[in-house]
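If you want the building blocks of each chain, they are given just below.
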Amino acid sequence: MYHGNTLFFRTPMADAPISFPTVPWATEVAKDFSDLRGQLTKPGIENGPGPMVVPPDPSIRRRMKGPLTHFWEYGQWLDPYAQGEHIRDHLLRAIYGTFSNIKIMDPENYTNLELEWVACVPAQGEFCRYKGDYVLTETDIRNHRNFHDAVVQNDGAFCLHYPGNDKYDFRLKYWEWNERDRKPCGIPFRCLYSVNVPNLIMAGKHISVTHVAGSNTKFMGNGEQHAIATAAAAHLCRKYSTTPRGVYEGHLRELGAITAAMTGAGNSNSKL
């Protein structure tokens, strides 16, 4: 199972009635679903009542920060590469079908509701992860394991999406958002190059981690840090005519110095 792909869309209220055509090709997927309150059954955390983002409790950290924005997710049990276009088209049908249902089933409240924007490129929840000389685990992150080759710091929550809505397959059954202690953890350089492809280095959702650990390292801000480290490693590969593993074995201190300079800070978990 993968994290599914998602398509985002926005639904503001216009100043005048907005018409919308019948879309039988879409409602075949959406069925009778007509609820924009959020991705989960309980409204208010991922989105608020109706098309607005209004958390029921100000202390709850909102996942969806943009008002009027929603997303449907699909493809957890499919191949995100070979079946990527099918996943995207299925999500488009779910979005257009849901919006059509809302307009038809509750015209009194949503006659002015407008489908302002729909993404045409899915956000891919999970990519193929390559195995490196080390595979980072959830336990490593929770325990802040001290790696001698840590080249960057990552932070953030564990974010896991679980499918399983029996009727609407573009809806989640459960969403795990675990912020642990919110403290950063070190990412070892051994997670950023392949164990068996000599010239392959990776960043972001491709790095060598378990499924659960990847739900933490996948965030864009974290991936940017991996990219800095891999760019520095690529520079050293060219400079010394070596492989990424060769950088690890012979030029780790120089790699640490470059990444520290590029990020503007040292790495507390690193001995470099």
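Everything below is about the structure shown above.
Source: prediction; values computed, not measured. (Residues numbered from 1 in each chain as written. Predicted model: local features only at pLDDT ≥ 70, side-chain atom pairs only at ≥ 80, totals over all residues. Heavy atoms only, no water.)

Draft legend 1. Region of interest: the side chain of Glu-179. Tracing the chain through its elements places Glu-179 in the loop between β7 (172–178) and β8 (185–188). A relative accessible area of 14% means that Glu-179 is categorised as buried. A distance of 2.5 Å separates polar atoms of two side chains, one belonging to Glu-179 and the other to Arg-182. (Helix = DSSP H or I, 4+ residues; strand = E, 2+ residues; numbered from the N terminus. Buried < 20%, exposed > 50% of the residue type's maximum accessible area, 1.4 Å probe, protein only. Polar contact = N/O pair within 3.5 Å; in protein donor to acceptor, adjacent residues only side chain to side chain.)

Draft legend 2. How the structure looks around empty space enclosed by the protein. A complete count under the given rule lists two cavities of 30 Å³ or more for this structure. Empty space within the largest cavity amounts to approximately 110 Å³. Around the largest cavity, the lining comprises 14 residues; the ones closest to its centre are Gly-125, Glu-126, Gly-214, Ser-215 and Lys-218. Split into classes, the residues belonging to the lining of the largest cavity amount to three nonpolar, seven polar and four charged. No fewer than three residues from each of domain 1 (1–126) and domain 2 (138–169 + 176–263) sit in the lining of the largest cavity. (1 Å grid on protein atoms, 1.4 Å probe; cavity = no way out; pocket = protein on both sides within 12 Å on 5 of 7 lines; lining within 4 Å. Points joined across faces, edges and corners; volume = space filled by probe spheres on them. Nonpolar A, V, L, I, M, F, W, Y, C, P; charged D, E, K, R; others polar. Domains from an automatic or database assignment.)

Draft legend 3. Molecular detail of a nonpolar patch on the surface. A contiguous nonpolar surface patch, about 480 Å² in accessible area, is contributed by Met-1, Trp-77, Tyr-162 and Tyr-174. With respect to the secondary-structure elements, Trp-77 resides in the loop between β2 (69–74) and α2 (84–105). (Patch = residues over 30% accessible without salt bridge, like charges linked within 9 Å, V, L, I, M, F, W, Y side chains within 5 Å. Areas by Shrake-Rupley, 256 points an atom, 1.4 Å probe, with all protein chains shown as cover. Salt bridge = Lys/Arg side-chain N within 4 Å of Asp/Glu carboxyl O.)

Draft legend 4. View of the pattern of salt bridges. The final tally for this structure, using the stated rule, is twelve salt bridges. Put simply, Glu-126 and Arg-129 hold a salt bridge, and the shortest N to O gap is 2.3 Å. Taking the relative accessible area as the measure of exposure, Glu-126 reaches 9% and is therefore buried. Judged by relative accessible area, which is 31%, Arg-129 ranks as partly exposed. Note that Lys-239 is salt-bridged to Glu-254, the shortest N-O span being 2.7 Å. Of this pair, Lys-239 sits in helix α6 (residues 220–240) while Glu-254 sits in helix α8 (residues 252–263), and the two are 15 residues apart along the sequence.

Draft legend 5. Structural detail: the nonpolar core. Grouped together as the largest cluster of nonpolar side chains are 27 residues, with contacts concentrated most on Leu-136, Val-151, Phe-189, Leu-192 and Leu-255. Mapped onto this core, the elements with two or more residues apiece are β5 (150–154), β8, α6, α7 (244–250) and α8. In terms of residue count, the dominant contributor to this core is α6 (five residues). (Core = buried A, V, L, I, M, F, W, Y, C linked by side-chain atoms within 4.5 Å.)

Draft legend 6. Broad picture of unusual backbone geometry. One non-glycine residue with positive phi stands out, namely Arg-180, at about 40°. Topologically, Arg-180 is positioned in the loop between β7 and β8. Given the relative accessible area of 17%, Arg-180 is considered buried. Unlike most non-glycine residues, Arg-182 shows phi in positive territory, near 65°. Looking at the secondary structure, you find Arg-182 in the loop between β7 and β8.

Any functional reading would require information that these geometric values do not contain.
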